[in-house]
Amino acid sequence: MSERNSIDLSDPVAIAGTRLLDAPRELVWQAFTDPKHLAQWWGPNGFTTTTSAYECKPGGVWRFVMHGPDGRDYENRITFEAVEPPKRLVYRHGGEGDVEPVQFRTTVTFEDIGGKTKLTMRGVFPSAAERERVIKDYHAANGMMQTLARLDDYVSKLAT
């Protein structure tokens, strides 16, 4: 991987992705925490996202559907645990039977690098077997890298 874009699978229960984005931290934070922006870039290549509920605060919930290029809909629920603008988000993904059967906890950090932003996403799964299942069944590692690339493209356009 390049210095701009990397994936780290060295922890058997985690997937971590890092990307250096060509936009200031406050703009990247807005793109990551405003559903009108999220709809423009969230998800791997070919996916679109529809949000039905969004409250970015501790205990707040983001309910959304990721629409796959094959026509399949993926129901998702994220519950925010920590919201520290513009530095850090912590959220839990998953819930009851009305969402995809994927449980993990993610920490997203936004580091100011002289007008650019180093964004790191680290998702931690309940077990190594669960992480491997999500990589195999959902292509989660590649999906994370594609999602971060889409974010980079989006915020780069907004920054100019």
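Conventions we followed
- Residues numbered from 1 in each chain as written.
- Predicted model: local features only at pLDDT ≥ 70, side-chain atom pairs only at ≥ 80, totals over all residues.
- Heavy atoms only, no water.
- Pairing = 2+ DSSP bridges.
- Helix = DSSP H or I, 4+ residues; strand = E, 2+ residues; numbered from the N terminus.
- Phe/Tyr/Trp six-rings, centres within 6.5 Å; stacked < 30°, edge-to-face > 60°.
- Buried < 20%, exposed > 50% of the residue type's maximum accessible area, 1.4 Å probe, protein only.
- Axes fitted to C-alpha atoms, helices over the stretch in contact; angles between N-to-C directions.
- Contact = heavy atoms within 4.5 Å.

Enquirer: I tried to follow the pairing of strand 1 (residues 5-8) on my own but got confused; where do I start?
Expert: Along a regular strand, successive side chains alternate from one face of the sheet to the other. In terms of strand pairing, strand 1 meets strand 2 (residues 14-21) through four bridges, oriented antiparallel. Following the sheet pairing, Asp8 is matched in strand 2 by Ala16. The turn linking strand 1 back onto strand 2 is made up of five residues.

Enquirer: I'm lost on the pairing of strand 6 (residues 88-93) in this one. Help?
Expert: Across six bridges, the pairing between strand 5 (residues 73-84) and strand 6 is antiparallel. Bridged to Phe80 within strand 6 is Tyr91. The antiparallel hairpin formed by strand 5 and strand 6 contains three residues in its connecting segment. Here strand 6 runs beside strand 7 (residues 104-113); their pairing, made up of six bridges, is antiparallel. Along strand 7, the bridge assignment pairs Tyr91 with Thr106.

Enquirer: Teacher, can you tell me more about the packing of aromatic side chains here?
Expert: Remark: the centre distance and the inter-plane angle together describe each pair of aromatic rings, the angle taken between the planes. Under the criterion given, the structure shown has 14 aromatic pairs. With a centroid separation of 5.0 Å and an interplanar angle of 70 degrees, the aromatic rings of Trp29 and Phe110 are classed as edge-to-face. Separated by 81 residues along the polypeptide, Trp29 in helix 1 (residues 25-33) and Phe110 in strand 7 bring together distant segments of the chain. Just as Trp29 is buried, Phe110 falls in that class too. Relative to Tyr138, the ring of Tyr74 lies with its centre 6.4 Å away and its plane at 65 degrees, an arrangement referred to as edge-to-face. Here the residue Tyr74 occupies a position in strand 5, and Tyr138 occupies one in helix 3 (residues 128-138), the gap between them amounting to 64 residues.

Enquirer: In this structure, what is going on with the sheet that holds strand 6? I would like to understand it.
Expert: Sheets are built from strands paired through backbone hydrogen bonds, the pairs being either parallel or antiparallel. Overall, antiparallel pairing links the eight strands, which are arranged 1-2-8-7-6-5-4-3 in an open sheet. The sheet is open, and its two borders are formed by strand 1 and strand 3 (48-54), each paired with just one other strand. With strand direction ignored, the average angle separating the axes of adjacent strands in the sheet is 20 degrees. Each of strand 2, strand 3, strand 5, strand 6, strand 7 and strand 8 (116-124) is contacted by helix 1, which is oriented at about 155 degrees to strand 7, the strand it contacts most. Packed onto the sheet, helix 4 (residues 140-159) meets strand 1, strand 2 and strand 8 and runs at close to 20 degrees relative to strand 2.

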